[in-house]
Structure formats: C-alpha cells, structure tokens
Amino acid sequence: MEWKHKHLLTIEQLSKEDIEYILETAVSFKEISVRSVKKVPTLRGKTIVNFFCEPSTRTRMSFELAAKRLSADMLNVVSSSSSLSKGESLKDTARNIEAMKVDMIIIRHSMPGSAQLLADCVSCSVINAGDGPHEHPTQGLLDAYTIKEKKGRIQGLKVLIVGDIAHSRVARSNIWTLKKLGADVTVVGPSTLIPAEIEKMGVNVSYYLDEEIPKADVINILRIQRERQDRNFFPTLREYIQLFGVSEARLKNAKKDLLIMHPGPANRGVEIDPAVADGPYSVILDQVTNGIAVRMAVLYLVSSVGSSKKVKMKS
Amino acid sequence: MEWKHKHLLTIEQLSKEDIEYILETAVSFKEISVRSVKKVPTLRGKTIVNFFCEPSTRTRMSFELAAKRLSADMLNVVSSSSSLSKGESLKDTARNIEAMKVDMIIIRHSMPGSAQLLADCVSCSVINAGDGPHEHPTQGLLDAYTIKEKKGRIQGLKVLIVGDIAHSRVARSNIWTLKKLGADVTVVGPSTLIPAEIEKMGVNVSYYLDEEIPKADVINILRIQRERQDRNFFPTLREYIQLFGVSEARLKNAKKDLLIMHPGPANRGVEIDPAVADGPYSVILDQVTNGIAVRMAVLYLVSSVGSSKKVKMKS
Amino acid sequence: MEWKHKHLLTIEQLSKEDIEYILETAVSFKEISVRSVKKVPTLRGKTIVNFFCEPSTRTRMSFELAAKRLSADMLNVVSSSSSLSKGESLKDTARNIEAMKVDMIIIRHSMPGSAQLLADCVSCSVINAGDGPHEHPTQGLLDAYTIKEKKGRIQGLKVLIVGDIAHSRVARSNIWTLKKLGADVTVVGPSTLIPAEIEKMGVNVSYYLDEEIPKADVINILRIQRERQDRNFFPTLREYIQLFGVSEARLKNAKKDLLIMHPGPANRGVEIDPAVADGPYSVILDQVTNGIAVRMAVLYLVSSVGSSKKVKMKS
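Given the structure is predicted, the values throughout are model-derived calculations rather than measurements.

The next point concerns the interface of chain A and chain B. If you look at the interface, chain A gives 15 residues, while chain B gives 19 residues. Looking at the side of chain A that touches chain B, the elements that each hand over two or more residues are β2 (73–78) and α3 (87–99) of chain A. At 5 residues, α3 of chain A tops the list of elements feeding residues into the side of chain A that touches chain B. Residue classes in the side of chain A that touches chain B are distributed as 4 nonpolar, 4 polar and 7 charged.

This is how it looks when you write it as structure tokens:
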C-alpha cells in the first residue's frame, strides 16, 4: 500500500486500510524509543511547527519527541485560541508560518474544523492535534494501537467509552477508529453528556455503567472537564462519581483481561480511582509510550506525501 | 569584500557595500529553505541565544529557524523589558548569558540603544532584533532584499513608508537601508506621527497618501499600534483608515508593478485592507520567506568575525 | 573509580571520592565550551527533560546548554509547583514523562524531597536542580569546582557562607560539599536566619561578618529573597545591608586572594555591592561558566549508569 494523505485532519476521512497502515508503520517506529540511541535521520532537515493555541503539555511533548527522534527541526509556537478566534487571523498566522518554508504544521485549536481550515489555505502538511470537541486523530490511533498490541486484534472487541461524550474529541476519534476496525462500541454517560444522534456513528448508548462492565473488553475513561461544569451537565461531582466513577469495587465483575484506558491527564478520584489507574488492568502508561510511536509514524507518512521527494525510512 | 562587523546593531552604521554584501550573501542562503533537506552544517556547535524582552512570535521564529537551518544550537530566553528596565540589570543578565560561552546574543528590548549597550559589555556577537523605536536592522535588510528580488534594483525607486513613522523602528531601519541604496523615500502619515526633523534622514514628507500613490514603486505600510492610542496621536481609528488605510479603491491609479509591503502582523481592515494584503501587488509573504534567508546571512557573516577561527560556508 | 549513582539527588549522599570524581570529570568537559565547535556526540539520541516547577532562567539554561553540547535531545517542561503540590500529582506527571522513554529528568520543585520522590517512582535517572530549601547539588559542585580551580585546593580553606542560611538550598549543598572536601566552613547571618542545629553539619556559626572577613579565603554570598520578607526575618532591608551587605569598605581587611562568590541572580546593592560583584575578588561569572562543565559531567556520569549500555565519552 502507498500512503497518499498529505494531511491528517480526521479519522472520519480515513479508510480502514489507512488506519491499519499507520498502525503497522508505528510498530517499526516503537522500537526506536527503547534503543540506547533514540534517534533516526528520517526527517533530518525537515521543519515541523507545533502550533498550539490551547494549553497542552502531554500532546505537545509527545509530538516534539516524535519529531526529534526522527531528527526533524521542531519549533514551538504557543498562542491562544481567543487571539486567533476569527478564521481570518488564524489563516493569516498560518500563511505566515508556511512562508517560513515549514514542512508540517501540527495544530491544536479550540475551533472545530480549524485543522481543515489550515489545510485549505497552506501548501504544507497539516496534522490535527485536537480541534475543539471535533477530533483528535492521533489519540484515536494510539488508543487503537494499544488495544491491538494488548489483545492482538480489535475486530469484535466490546469497547466502552465512558463520560462526557458530547464534548470529547477523544470520544469522536476513538469511535471512528474503532468502528472502522470492527469493534463493538458502547458510549456510557449521563444523558446530558451524550449527543442526540450519536447512534448514527454506529455505537450503542447506555446510561448504566454497572450493566456494561461485565461485558467489556476495554473501558476508555474520558476526562471530566470541571471547567465545563458551570453549565451543570450533571448535578454534582459526587453524583457523577457515584454513577460513573470507575473504582475497584465497580470492576469486581469485570473480565480478567479487561483493559482500562484514559487519555490523560486523569482526575484521580473523579472519573477514575487511583487504585484503578495504577491497577493491573490499566494500560494508561502504555498509551503514553505508544503515542510517540504512532506520532512518529504519522509524521513519517504525511511527510512522504507532503514533500516532492520521498523521504527515506529510518536507517 | 571581507565582512568585518562583529555585531549587527543598526543599519545607520553600515556602509552601502556592507548592505549589498549581506543581500548578496542572502541570495545563496535562500535556496536552502526550499531544499528537501533544509539544513547546512555551517554553524554546527555554535550557541545562539534568542534573548527576547518584548513579546514576539514572527521575528523570534524567523531567527530560530535561521539558526537551526545553519545547525547552530539555539536557546530561547524570554524576559520582560520591565524586569530588565535598568541598564545595570540588563548588563548583568547579558554578562551571565555570555559566561555560558555563547557565540551570539540576539536581543529584542524596548529600550533604544539596548543592543549597543550589550555589545559594549559582552565579548560575543550581538544582533539587534528591535530596540524600542530605534532600529530593527534585519527588517530593513529583508525589505530591501524583497524589493531588489522583485524589481531587480533599488536605486531610483520611489518608496512610500506609510503610518506611524515617529515610533517605528521598521521605518528607521528601512529609511537608512533604502537611502544608502539610492532609493527615493517618502514618509506619509498624520503630522502627529511624523518626527520633526525627519527630512534630515534624506526623505520627503507627505501628509496626503492619495497624491503619492500614483508615483510609488513600493508602498511599505506600517502597523498601527493600537496600544499607543491612549496618547491620541490621531482622532479616531476610523479617521485614520479614511486618510491612510490602504484599500483597493485607493490603489486604482497605482503603477501596475507596484509592490505592497507590510512588516506584519497586519491589522487587516485598519492600515491595510484584506483585499490588498492578499492582492496581486502584495509581497508580504515573500518578506517572511526572505526574512529567513537574510537572517541566515547575518548569522553567518557576524559569526565569521565573532569567532577566532573562520567558519566554513555552507556545504 | 567507576561511577555508580544513577541519580544525583543530594550532596549529602555522595562520598568525598564521588565529589572529586565529578570535579575531575568536569575539567575535561570545560574545554568543550571554549572550542569553536562546542559540541560532542557523547549523549546523542538520549532524551533529557528539564522539568521546572519553579521559575528559573539561569539553571534551566545551564542544564539545557550542557545537554545540547553533549548532543542530547532536550525538552523543556514548565509547570508550577502549586499545580503539582501533592505528591500524587507530581508522581503521576513524572510517570507520564517517563513513559515517553526519556533517559533523564532534571527537576526543580519547591517541595523538599521532590527529587527523591521522583527517583523512587520512575526508572530513568533523576537530577535534582533544587528541591525547595533542601539541596541544589550541582550548585554545590560548581562552587567547589570554582574554588578548586582558583585556589588549587579546598582542604583547609576558610569559607564563609553569608545570608539566609535557613531557607537556602545553596547553603546546604555548599556545606555538604565543602565539609566533605575538608574546608573550614562558617555560616554568617542574622540569628533568625540561621537554623537551630546547624552546627551538627560541622560548621561554625557567626553573627558578625566584620570579624570573619579578615580570616576568609572565600565568601559565598547568598541571595536575599525579598519575597520571604513578609515573615520579618530581619527588621528592615536597610539594617540587613548595614550588617551583612558585602561592600568594598567592608573588604578593606580581606586577604588579597579572597574569592567572592554568589549563586545569582544577585540583588546588587542589597547583599552585594555592585563594586564587589564586578570587582577583582569576584569569580561570579566563573561560577556561571563552570556550571556548564559540572552539569555536562553530571549528565555524562549519571547517563553511564542509567542506561544499560555504557555511553562513550566525548570524542
């Protein structure tokens, strides 16, 4: 298969084959990060800009390390979504960055569609690192990578996604990825946090976590964003914990090979109990490790299309 | 010609030959940024500090990319002009940076003369990236580079510089550069924003933009700094736009090969209309691209004097 | 001697031989920073994270330059001690950083013991860049390096440490280092700023600076942290300056080969007079220069234990 996407904007736009190709490519990159010399010359002389208009430590770091381990030159540009809230100013800034002859812009911005907007107005490659509640494709990919690594397959697995489905780009990118790969996905949360027509994405809906746990192969627990709580999507944090907080007690009927996932950073004691986050089912730190491999694969593949000449794979 | 300046502090101090030599050197560096591998080993093992005491994204990025494409090690140090407002504390900080055996300090600071102050107290090279309203030499150089690239010459061209001449380091560095290269420069703006004795710099003064436009080969539009507007240099923004905002309508009698320039970031709809910024006369993004080439040339030339041993030119 | 410490957490834990070995190793690294090409491939492909939870420019820069001159990949992560005030959240963040397969975490945090806490929960190497008032081991080492470089020895020298001993990690790391190397250390300051049982560390205590100066070979002057002054450890700044501020007049009976040291950034005119900071006894800028050599040595030595394979020494 030959990779043909110049950008990575959404999982929705990818085919099953595209996704599988990224995951396979990531396998070969994962090994680099455990070498003594964690560096290959693959993207030497390429310029990649981390253009983050929302605060982020982990995702920004993960992309930066992925770029550096591929020997690219990485520049961090931090702005605020608010100062670039109008599409015009965002486009203007992006065109200026592009005029510096960068090869790739990795963008995080609070506006859904911001990555697509950029891709439409610049000639370099664009990678979506989260566009508001819309998508966060590399998170969907690294979650799928982690499941496949641990379970050997994704087809037919029962995956729960628990929490604030309505506002979660992680949920959306996970649903697209897992459905395309044949998983059976159920979203679980309070009715106020589940979007009206979510079934159209091919998922099941449940409001009762305890009923779903015994059937689950994977539980992906979303972060509760307390800053959204001024809009009262649920009565109290205490009630949320009681109904949807994942505790050891709640897992007593779980499958023995259950995987517990969380995109981080976790509110320990809220959506996930510390004993679960650090417990035997947890693959949370594997997700972090795999994030680098998946992002190295994405940078590599996208770069092979973005530039006129093909880049050589790692030596 | 052999380059002999250890620092780049002002354009005023440079000769016509110096300026031409930088522009010629930049030609050979421009090509590097469009290669597949945008990197040469010219400054490998050199340490360059971006010491920015005023907020900046574009200039800082441009210097950082210039340094990285020359393989130098670049360190960003962000401070505030206010915390380093006294010359003593600025000198103290600079001497500490120098004691880390850096080869070059690129400084932006709100105090006129701050770059010179640094050059007087450290033994490494100093590059002025903007010292208050005084000078911004690399901007003057990149503007000249862009004009020459597009027009084939600078000698004899009629250049308008429009806006807040009084507070603009861009205006001052442009005037010095263009006058030394033989251009015919006219500054245009409200009388409150044109310094009293500006004619001594060899420029013409006009308060009527519409009269000047038909004669112009180049219009360089300065950014209106709204934060200065508490001192009421002009009655209202609306009146400013009416008299000095560059719109399509206003350009109807312009020469067909007019160049529209802006140092960025533009206030679209204020000093420049979006249709003009993105229109056929605009070379604004070329300025951004050329900024990297000019800064690579400056880093290269200055470095060849600053260090005891000559550095080799790009391979 | 073979280096066997995977971490550098405190000077207290090191033997005299360990300290001497670091200082000897630093000698060979010092020369790299004055080369034309200030870079060796020693740590190429290693990932080092500068994890700073307190504001710092100098120490952060010094570690970053040390890492870059050894060709390591360096990532800056800035957080606030307050957002990571609970040990749990600090551990969680550290484990996430570690999961990105980094080789070393350099941590600065306001909590005493934070570096040890990290070392206990991650498998990579940890370097303490200051843990509250507890220790700042590389400062102790670079101060010892500077004394030895200037005096040829440390054994038997009389060293004064002047100022806020109670809250100073610099004081503590200096005392441990110098006592282990055989110096005669006297702490000097107002009684409110000298901890009750400090003599147990083997130092002399004095409240009268003028009595001690004529006997001193070295005076290490601590920074007065004005932000602590709300707790009124001394009546007024003016009184502090009168009793403990090091001025030229106060040094009139000093030995001719006295060394004046300060960890920076100095409050010029408070604990140290500008004429003394820039005067003939001052080795303050040597401390800054030596900081890089000592930190290169520490990164190199620690890395040789942290990774399974030995790294090669500089070429």
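Residues and elements named next belong to chain B. Burial analysis of strand β1 (residues 47–52) places 6 of its 6 residues in the buried class, which makes it a mostly covered element. By the alternation rule, side chains of β1 split into T47, V49 and F51 and I48, N50 and F52, which are all buried. In terms of strand pairing, β1 meets strand β2 (residues 73–78) through 6 bridges, oriented parallel. Note that in β2 the partner of T47 across the bridge is D73. Regarding the hand of the β-α-β motif, the stretch spanning β1, helix α2 (residues 58–69) and β2 is right-handed. Direction of pairing for β1 relative to strand β3 (residues 104–109): parallel, over a ladder of 5 bridges. Paired with N50 across the two strands is I106, which belongs to β3.

With that settled, consider the packing of helix α1 (residues 16–30) of chain B against helix α5 (residues 137–151) of chain B. Residue and element names in this part refer to chain B. For the pair α1 and α5, the least separation of the axes is 10 Å and the interaxial angle reads 65°. It follows that α1 is roughly perpendicular to α5 by the angle criterion. For the element pair α1 and α5, the recorded crossing hand is right-handed. Counted together, I19, I22, L23 and A26 of α1 and L141, A144, Y145 and K148 of α5 form the full contact between these two elements.

Omega for the peptide link from G264 of chain B to P265 of chain B comes to -10°, which places this bond in the cis form. Looking at the secondary structure, you find P265 of chain B in the loop between β9 (259–261) and α9 (274–277). The backbone of S71 of chain A shows a phi angle near 70°, a positive value even though the residue is not glycine. For K101 of chain C, which is not glycine, the phi torsion reads 60° and is therefore positive. Counting through the fold element by element, K101 of chain C comes out in the loop between α3 (87–99) and β3 (104–109).

Before going further, it helps to examine the relation of the copies chain A and chain B. For the pair chain A and chain B, the relating rotation is 120°, the translation along its axis is 0.0 Å, and the fit reaches an RMSD of 0.0 Å. Viewed as a symmetry operation, the transformation between the two copies matches a three-fold axis.

Let's shift gears to the domain arrangement of chain A. All names here are of chain A. With domains assigned, chain A is organised as domain 1 (16–135 + 288–306) and domain 2 (137–287). Each partner contributes to the interface: domain 1 provides 20 residues, whereas domain 2 provides 22 residues. Contributing elements (two or more residues each) for the side of domain 1 that touches domain 2: α1 (16–30), β4 (125–131) and α10 (284–306). When residues in the side of domain 1 that touches domain 2 are grouped by element, the largest group, 7 residues, is from α10. Across the side of domain 1 that touches domain 2, the residue classes break down as 9 nonpolar, 7 polar and 4 charged.

The subject of this paragraph is the sheet that holds β2 of chain B. Strands sit in the order β2-β1-β3-β4 (chain B) across an open sheet of 4 strands; the sheet is parallel. The open sheet has two edge strands with one neighbour each: β2 and β4 (125–131) of chain B. Within this sheet the neighbouring strands show an average axis-to-axis angle of 15°, counted without direction. Against the sheet, α2 of chain B makes contact with β1, β2, β3 and β4 of chain B, and its axis sits at roughly 180° relative to β1 of chain B, the strand it touches most. Across the face of the sheet, helix α2 (residues 58–69) of chain C comes into contact with β1 and β2 of chain B while running at roughly 170° to β2 of chain B.

It is worth spelling out the environment of P280 of chain B at this point. Residue and element names in this part refer to chain B. Tracing the backbone shows P280 in the loop between α9 and α10 (284–306). Judged by the 9 C-beta atoms lying within 10 Å of it, P280 is exposed. Linking P280 and L193, residues 87 residues apart in sequence, is a C-alpha distance of 29 Å.

Before going further, it helps to spend a moment on the interface of chain B and chain C. Between chain B and chain C, the residue contacts involve 15 residues of the former and 19 residues of the latter. Contributions of two or more residues to the side of chain B that touches chain C are made by β2 and α3 (87–99) of chain B. Broken down by element, the residue count for the side of chain B that touches chain C peaks at 5 residues, all from α3 of chain B. For the side of chain B that touches chain C, the per-class residue count stands at 4 nonpolar, 4 polar and 7 charged.

About the thresholds
Residues numbered from 1 in each chain as written. Chains lettered and ligands numbered in written order. Predicted model: local features only at pLDDT ≥ 70, side-chain atom pairs only at ≥ 80, totals over all residues. Contact = placed C-beta atoms within 7 Å. Helix = DSSP H or I, 4+ residues; strand = E, 2+ residues; numbered from the N terminus. Nonpolar A, V, L, I, M, F, W, Y, C, P; charged D, E, K, R; others polar. Buried ≥ 20, exposed ≤ 12 C-beta atoms within 10 Å, placed from the backbone. Pairing = 2+ DSSP bridges. Right-handed = clockwise from strand over helix to strand, strands pointing away. Axes fitted to C-alpha atoms, helices over the stretch in contact; angles between N-to-C directions. Parallel < 35°, antiparallel > 145°, perpendicular 65-115°, else oblique. Left-handed = near helix turned anticlockwise from the far one by under 90°. Least-squares fit on C-alpha atoms with pLDDT ≥ 70 in both. Domains from an automatic or database assignment.

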